[in-house]
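What the coordinates show
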Amino acid sequence: MSEKPEHFIVDGKRLDGRRVDELRPIKIEIGVLGRADGSCYLEWGNNKVLAAVYGPRELHPRHRQKMTRSVVQFRYNMASFSVDERTRPGPSRRSIEISKVSREAFEPVVFTKFFPKTAIDVFVEILQAGAGTRTAGINAASLALADAGIPMRGLVSACAVGKVDGEIVLDLMKEEDNYGEADLPVAMTAGRQITLLQMDGHLTTEEFYRALELAKTGCDQVYELQRQALIEKYSKEYTTEIEDEDPAPAGEPEGDADE
Amino acid sequence: MSEKPEHFIVDGKRLDGRRVDELRPIKIEIGVLGRADGSCYLEWGNNKVLAAVYGPRELHPRHRQKMTRSVVQFRYNMASFSVDERTRPGPSRRSIEISKVSREAFEPVVFTKFFPKTAIDVFVEILQAGAGTRTAGINAASLALADAGIPMRGLVSACAVGKVDGEIVLDLMKEEDNYGEADLPVAMTAGRQITLLQMDGHLTTEEFYRALELAKTGCDQVYELQRQALIEKYSKEYTTEIEDEDPAPAGEPEGDADE
Amino acid sequence: MSEKPEHFIVDGKRLDGRRVDELRPIKIEIGVLGRADGSCYLEWGNNKVLAAVYGPRELHPRHRQKMTRSVVQFRYNMASFSVDERTRPGPSRRSIEISKVSREAFEPVVFTKFFPKTAIDVFVEILQAGAGTRTAGINAASLALADAGIPMRGLVSACAVGKVDGEIVLDLMKEEDNYGEADLPVAMTAGRQITLLQMDGHLTTEEFYRALELAKTGCDQVYELQRQALIEKYSKEYTTEIEDEDPAPAGEPEGDADE
Amino acid sequence: MSDDVMTEIQRDHLFNLILKGEREDGRAFDEFREISIETDVIGTADGSARVKLGKTELLVGVKIQPGEPFPDTPDKGVLITNAELVPLASPEYEAGPPREGAIEIARVVDRGIRESKSLDLEKLCITAGEKVWIIFIDIHVLNNEGNILDAASMGSIAALLTAKLPRAQYGMGDDIPLPVRDIPVAVTVIEFGGALLLDPSLTEGAIASTSLITITNSDGSISGMQKSGSESLTIEQVLQAVDMAKNAAAGIREKFLEV
Amino acid sequence: MSDDVMTEIQRDHLFNLILKGEREDGRAFDEFREISIETDVIGTADGSARVKLGKTELLVGVKIQPGEPFPDTPDKGVLITNAELVPLASPEYEAGPPREGAIEIARVVDRGIRESKSLDLEKLCITAGEKVWIIFIDIHVLNNEGNILDAASMGSIAALLTAKLPRAQYGMGDDIPLPVRDIPVAVTVIEFGGALLLDPSLTEGAIASTSLITITNSDGSISGMQKSGSESLTIEQVLQAVDMAKNAAAGIREKFLEV
Amino acid sequence: MSDDVMTEIQRDHLFNLILKGEREDGRAFDEFREISIETDVIGTADGSARVKLGKTELLVGVKIQPGEPFPDTPDKGVLITNAELVPLASPEYEAGPPREGAIEIARVVDRGIRESKSLDLEKLCITAGEKVWIIFIDIHVLNNEGNILDAASMGSIAALLTAKLPRAQYGMGDDIPLPVRDIPVAVTVIEFGGALLLDPSLTEGAIASTSLITITNSDGSISGMQKSGSESLTIEQVLQAVDMAKNAAAGIREKFLEV
């Protein structure tokens, strides 16, 4: 673990040069896995996460089926090599809790009544962890659900807000997460329905209000990136389909979007 | 663990002042838990145990159901903080064995044929352990079964007999249990049917005979306390019911018996 | 673990006096267990293994049943005391892999289509391990299957070939296994169908060819011993049946073959 | 299905009550059931508390022993929080390792204590990098009639407040109180039909599964939050829930927890 | 159901035999099947025994290695007893961690050896508080045709009697015999139809599931008892069973176990 | 059943293609799908590789940390290989501890590296008997479209080739490359309808379940083999498969793995 820096914010700039209300760079690829019904690869700062959706599909064992709706299942999992100290494979208490609140971040938006007796399985793999894996996982899962064609009330967008050097800042990086004074991951819909909210640390009520405001701004930016990625993905596919009727295009291999 | 005392019996008195054939103080409360079908809280010397009964209820998984009778299940469990050295939560080999012999202490008396395909679940939690938890648990379970209205051939009453300083004594306390020469927990019905019998240590056959005799005396005393507790509980309820028809009684809160 | 010897082969003789193409002594007893449908006890050098077969019998849980065939199951297990350093009871990654390849050594020869929805369970217990337990287990399992009357295309015979002091040798003993340059366990039918093949170590392609040739010779010898054991077992039983009609034979207890 | 129908009826009933500003047991929306906290109830624990919240009841035991620090915090004591939802406490609970519900309770309670810096972990270092005090908080649920989480939070801090460092037992001087610097209190607010309610009963908790837990400290600051459950919350609801939780926590702290 | 009918018929048959003073295999009520105990059968173990009791057969291996003492007995060796009811030995046994039956066998055998002080654990201390000898007794059942427990008890003490402390291997001098001071023998007495029988066959054990196990020492004293099974026993039956067990144990000890 | 019918139809289809010397995706029998190996893709790992084999995709991460050697190799580093078939990668994979398929992949890859002496374990000793480097190879499957094993083998050696010993982090000097001496490559050959095919697609692998894996080194020698699957192979097939594997491995090594 790196040393605690003396200051996190100098002249309004953070350790990596960002403003207090600025997100780390986000890169999104939709539809990257062949077997899953929907998938998304997402990089966010140093995080690298992959989400896949399978379903609606039969739910086993049967006694867990619900007669009137689909059961959303969510598994957040860290690759052993995704953190500085190798983690043992398999679920930890931490990953079980994150899986629970992440599932609950989607249950409000998925139209589960459309698919009685089925399961909708969401799998998130953290390949490289760099502060904010649960929000990165939720953003990827949101797009994987869309890619799988699961009907939803809307996308879920997530980001964390925190406090360092006494200031409320958007999207904590690793040092800020390790040594900061508070961490507040939030997920919400474009309609401002909060579907995940956790907090660790120390905030006055006023700071909490400001943090929540900043989270809104952050989620808005994330939402815009998610929307762009979907448009790009599906317009490209549409274009590809049209191009297919033309003679083969020169120079560029087809199906790039799949990888 | 405390040091081994030089003598356990001085002038006919044991370390805590008891005679060799005297029980530690026992305190019984029946019907203490709201969710269970029957329950009992029991203190015995330094033991604090809680028993609950659920059932007859559906037995899962189905292939464990018996067509002609109910299946009695018994789970003896120690709270992590109930002993000097914190124990890890969950079953140990010791608790699995105690659960087995405790279940077998009740199978002879429960009218299982009345409730085919069902389970009768008995749960005993050791909250504070002070020598003799299995017998304390059985005594509490016996009353929890009665409180749940499970038809039985009779109450099961249990106590341990042991040997210290070469003498056969009733109801071992902790030091006697740790450093004594033998420990013999016994459970029986009022009709002298032995439903549990275990022995650790070293006894001649003659000592064993005497120990069994003393166990009878001990179980008789326990039985009397169990009977009194039931009478008190149900006569009080009966009284309460009658009082309910009167104007509210002054001064005393109702429903005390539930806690 | 013993020290590495300086030479494994001196004047054409190995540490235990064998030639390079010679098997260690093998002792076979068929039908040694009363409860199993078929069984075999086999000693091979310092290995002592026991195999039992149960089935065809109902397969639980039901969703694992196959509509058109029987499911072969194989469990290779080491007794805790079978090796120098006590092993913890229960499956290890090694024993899970050996169980898999051993099962696959029999799937090609068992007529599974005769018994849809059933299981054929093969259990191998390693009681004393001395290099080559998996091949010893397969040879015993083969005879236990025959003893259980499971229809098969033929017996499976197994042995290992290895390389020590740069030479290809048959049937590695413990020192050769620990310090040798390669180990190649092979199982095959009398018809030269290879049903198990694994290799560890370092061989040139030419050495591999020669090793496979030597394995054939070894499996042939094993097959002959297996065949003899079956003949002896069943002719003895036939004799016993005839003798039964005579007055009781003097001196020799009956049913020896069962033990 | 019949369960679903029952739930539907109960839901309608509760909803109609709420429209009239009422709850099934007559409480105001921001009113707790009767609270009782009894400390030092378990002699084998280093600190303990029995909490009753209406008929909900649980025990918290604190055990303290020397052990190794975590590698990344060599000069800090270790806090381990565990919750056991034993099957004695509710017909819904099953035996086995903690599931996500129990894990969430333990982790939220743990975070409240950890993040409020209520426990001065630096003072729990014995020899840096080698030996520190390990503080185990074990939450043992006895009767679940709703709102286990708030009861667990009260019980945990109450048990810590009365716990003693068992230094004498390890030859390190006299026993001293644990260094507790703040009194974090978790309060659950559930949302149902647009209304926010404190201290959900069992039925209320089952129907309105979505809640916001807020942990506040003596100075009114927040040290932990968790949205739990399958519905979303609006920002306004979150802000109102935080206020309700803060006020309720202040009352509980003053009345039951301050010395 | 059909199983139940079979059991009913067998029960009647056995009961009718017993009324006539007979058993299905012609033995007297207090007669054991043929016993054979062979020691030093496993070269990889430090002590071992193969026991046959009629057709019941099991192996006991003793492994000895240096390790850490328990914190509360820093100057004593450690005894660990384990029983594996592997699925090879009976169609009823399943793979997996030991269940209550296997645990009971291991614990009763362990108690007999421990409580008789047969093993001088003080002499198994190497460096107090740091290093002691760990004695593993592993009971490996090969064929269950009834009365595993008595066979396990005989095999365990026989294996201990021939075991050597492997001091040479750890550079501590010459190997010496384990310090065994007494020969405890467990004898099971089953009750059926009012009669008491020794050495139950598989059928007898299945029908008359209730037994009293008594462990007696060379001087006739008792060092362990366990009632096992779902019926009760009268005091007279207990006393008679103890006598039968003591006599049988004396015979077994003299004939098979004394050097 | 319908699954079986589908399989039957696919089998016939593939078989007809093979008779014509064709495969479903137009490849030659000895032709791999497109291979892409990207290294140093995970910043939190000490070495890593992302392998694509057609649409099959997996990540291998190498983590290195100091730890204790195995007692029987006190002067050698430790190699631990693990494969996670996470449910994100295929609808057939389930969450939970590794099953036999994952264990076989991990163990075969491990053997190839270990037996080829590719990793110089002696050089990974820090202090003999006390501290050595532990090398964890974690194979994380992302998308299974057939032939995971070959991809895992390529990825593992590629990750090792770029891995660094993190000496700086532990104050042992500068980071240096791992001592890798050889480049073992595993190649799977499947048998179907008498033909031998390289790099099975998902369908081919499912239909022709029997394969021979051969691991060859830079000098063409063999350091590991494994027959896997439920059918047998002839000796001629084995010899031909070894040749095919050796040639393919040479090509892969030269093109993708040599520096």
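Sequence order sets the numbering: in each chain, residues are counted from 1 along the sequence as written. Labels are handed out in written order, letters beginning with A for the chains and numbers beginning with 1 for the ligands. A pLDDT threshold of at least 70 governs which residues receive local features in this predicted model, and a stricter bar of 80 or more applies before side-chain atom pairs are shown or counted, although totals over entire chains, interfaces and linings include all residues. Derived side-chain values reflect all non-hydrogen atoms in the structure, with water molecules and hydrogen atoms excluded from consideration.

1. Some thoughts on helix α2 (residues 100–115) of chain D
All names here are of chain D. Compared with an ideal rise of 1.5 Å per residue, which puts 16 residues at 22 Å, α2 spans 21 Å between its outermost C-alpha atoms and is within 8% of the ideal. A simple rule labels every residue: compare its accessible area, found with a 1.4 Å probe on the protein chains alone, to the largest value its type can have, and call it buried under 20%, exposed over 50%, or partly exposed in between. Each helix corresponds to a stretch of at least 4 residues labelled H or I by DSSP, and each strand to a stretch of at least 2 residues labelled E; elements are numbered beginning at the N terminus. α2 sits mainly inside the fold: 12 of its 16 residues count as buried. Buried residues of α2: Ala102, Ile103, Glu104, Ile105, Ala106, Val108, Val109, Asp110, Arg111, Gly112, Ile113 and Glu115, and no others. Immediately beyond the C-terminal end of α2, within one or two residues, lies lysine 117, with a positive phi of roughly 55 degrees. Helices are assigned an expected span. That span is 1.5 Å times one less than the residue count.

2. Considering the sheet that holds strand β7 (residues 118–128) of chain A
All names here are of chain A. The criterion for strand pairing is that DSSP finds at least two bridges linking the strands in question. Read across the open sheet, the five strands follow the order β3-β4-β5-β7-β6; overall the sheet is mixed. Each having just a single partner strand, β3 (26–30) and β6 (71–78) make up the two edges of the open sheet. Averaged over neighbouring strand pairs, the angle between their axes works out to 15 degrees when direction is ignored. In this structure, strand β5 (residues 47–58) lies alongside β7, joined through nine bridges in antiparallel fashion. Looking at β7, one finds that tyrosine 54 is bridged to aspartate 121. Whether two residues touch is decided by their heavy atoms; if any such pair falls within 4.5 Å, the residues are in contact. Only the contacting stretch of a helix is used when fitting its axis, a line to C-alpha atoms as for every element, and angles between N-to-C directions run 0 to 180 degrees. Together, β3, β4 (38–44), β5, β6 and β7 form the strand contacts of helix α2 (residues 133–147), whose direction differs from that of β4 by roughly 150 degrees.

3. Here we look at the pairing of strand β2 (residues 47–53) of chain E
Residues and elements named next belong to chain E. Counting buried positions over the seven residues of β2 gives six, a clear majority of the element. With five bridges joining them, strand β1 (residues 35–39) and β2 adopt antiparallel strand pairing. Its bridge partner being in β2, glutamate 38 is matched across the sheet by arginine 50. Sheet analysis places β2 next to strand β3 (residues 56–67), joined by seven bridges and oriented antiparallel. Residue pairing for β3: serine 48 is matched across the bridge by glycine 61.

4. Re the interface of chain F and chain C
Contacts between chain F and chain C engage 37 residues on the former and 31 residues on the latter. Approximately 3000 Å² of surface area, both sides summed, lies buried where chain F meets chain C, with 55% of it carried by carbon and sulfur atoms. What counts as buried area is the accessible surface, traced by a 1.4 Å probe, that two parts surrender upon association, with contributions from both included. For chain F, the biggest contributors to the area lost against chain C are Glu100, Lys227 and Ile235 of chain F; these three give 20% of the whole. Any Lys or Arg side-chain nitrogen found within 4 Å of a carboxyl oxygen on Asp or Glu counts as a salt bridge. Linking chain F to chain C there are five salt bridges. Glutamate 97 of chain C is paired through a salt bridge with arginine 107 of chain F; the nearest N and O atoms lie 2.6 Å apart. Counted as a polar contact is a pair of N or O atoms within 3.5 Å, where, for protein atoms, one must be capable of donating a hydrogen and the other of accepting one, and residues adjacent in sequence contribute only when both atoms are in side chains. Across the chain F-chain C interface, the total number found is 21 residue pairs in polar contact (both at pLDDT 80 or more). Elements supplying a minimum of two residues to the side of chain F that touches chain C: β4 (78–84), α2 (100–115), β12 (222–228), β13 (233–234) and α5 (235–257) of chain F.

5. A look at the interface of chain E and chain B
Taken together, the contacts link 37 residues of chain E with 31 residues of chain B. Each partner contributes to the roughly 3000 Å² buried at the junction of chain E and chain B, and carbon and sulfur atoms together form 55% of this total. Its largest share of buried area at the contact with chain B, chain E owes to Glu100, Lys227 and Ile235 of chain E, together 20% of the area lost on that side. Taken together, chain E and chain B are joined by five salt bridges. Lysine 100 of chain B is paired through a salt bridge with glutamate 104 of chain E; the nearest N and O atoms lie 2.8 Å apart. Put simply, chain E and chain B have 21 residue pairs in polar contact (both at pLDDT 80 or more) between them. Contributing elements (two or more residues each) for the side of chain E that touches chain B: β4 (78–84), α2 (100–115), β12 (222–228), β13 (233–234) and α5 (235–257) of chain E. Of the residues forming the side of chain E that touches chain B, the biggest block, eight residues, is contributed by α2 of chain E. In the scheme used here, Gly and all other residues not listed as nonpolar or charged are polar, with Ala, Val, Leu, Ile, Met, Phe, Trp, Tyr, Cys and Pro taken as nonpolar and Asp, Glu, Lys and Arg as charged. Here the side of chain E that touches chain B is built from residues that sort into 13 nonpolar, 13 polar and 11 charged. Sheet topology note: the strand β11 (residues 193–203) of chain B/β13 of chain E ladder contains two bridges and is antiparallel. When the bridges of β13 of chain E are listed, glutamine 193 of chain B appears paired with threonine 234 of chain E.

6. A short note on the packing of aromatic side chains
Under the pairing criterion, centres of Phe, Tyr and Trp rings, with the six-membered ring standing for Trp, must be within 6.5 Å; the plane angle then separates stacked pairs below 30 degrees from edge-to-face pairs above 60, leaving the rest tilted. Applying the stated criterion across every chain yields a total of 21 aromatic pairs over all chains. Here the aromatic rings of phenylalanine 15 of chain E and phenylalanine 192 of chain E are separated by 6.1 Å at their centres, their planes lie at 85 degrees, and the arrangement is edge-to-face. Residue phenylalanine 15 of chain E is found in helix α1 (residues 2–19), and its partner phenylalanine 192 of chain E is found in strand β9 (residues 185–192); the two are separated by 177 residues along the sequence. Take phenylalanine 15 of chain E: its relative accessible area is 34%, and that puts it in the partly exposed class. A relative accessible area of 7% places phenylalanine 192 of chain E in the buried class. Connected via pairs of aromatic rings, a cluster forms that spans Phe111, Phe114 and Phe115 of chain A.

7. Remarks on the packing of helix α1 (residues 93–106) of chain C against helix α2 (residues 133–147) of chain C
All names here are of chain C. At a minimum axis distance of 11 Å, the contact between α1 and α2 shows a crossing angle of 45 degrees. If you check the angle between α1 and α2, you find them oblique. Considering how the two elements wind past one another, α1 and α2 form a crossing that is right-handed. Along the contact surface, α1 presents Arg94, Ile98, Ser102, Ala105 and Phe106, while α2 presents Thr133, Arg134, Ile138, Ala141, Ser142 and Leu145. Of the residues assigned to the contact of α1 with α2, the class counts are six nonpolar, three polar and two charged. Here the word oblique covers every angle except those under 35 degrees (roughly parallel), over 145 (roughly antiparallel) and from 65 to 115 (roughly perpendicular). Handedness of a crossing is defined here by the sense of rotation of the near helix relative to the far one, left-handed for an anticlockwise turn of less than a right angle and right-handed for a clockwise turn.

8. Concerning the confidence of the model for chain A
pLDDT gives the predictor's per-residue confidence on a scale running from 0 to 100. In this model, chain A carries an average pLDDT of 91, and 90% of its residues clear a pLDDT of 70 or more. Note that residues 243–259 of chain A has pLDDT below 50 and, in this model, 15 contacts with residues that lie over four places away or in other chains.

9. A word on the sheet that holds strand β5 (residues 47–58) of chain C
Two strands in a sheet stick together by hydrogen bonds in their backbones, pointing the same way (parallel) or opposite ways (antiparallel). All names here are of chain C. Within the open sheet, the five strands sit side by side as β3-β4-β5-β7-β6. Their pairing is mixed. The open sheet has two edge strands with one neighbour each: β3 (26–30) and β6 (71–78). Averaged over all pairs of adjacent strands, the angle between their axes in this sheet comes to 15 degrees, without regard to strand direction. Set on the sheet, α2 makes contact with β3, β4 (38–44), β5, β6 and β7 (118–128); between it and β4 the angle comes to about 150 degrees.

10. Digging into the packing of helix α1 (residues 93–106) of chain B against α2 of chain E
It is the contact of α1 of chain B with α2 of chain E, at a shortest axis distance of 9 Å, that shows an interaxial angle of 105 degrees. Taken as axis vectors, α1 of chain B and α2 of chain E run roughly perpendicular relative to one another. Contacts from Arg93, Arg94, Ile96, Glu97, Lys100, Val101 and Arg103 of chain B in α1 of chain B reach Glu100, Ile103, Glu104, Ala106, Arg107, Val108 and Arg111 of chain E in α2 of chain E. Here the contact of α1 of chain B with α2 of chain E is built from residues that sort into five nonpolar, no polar and nine charged.

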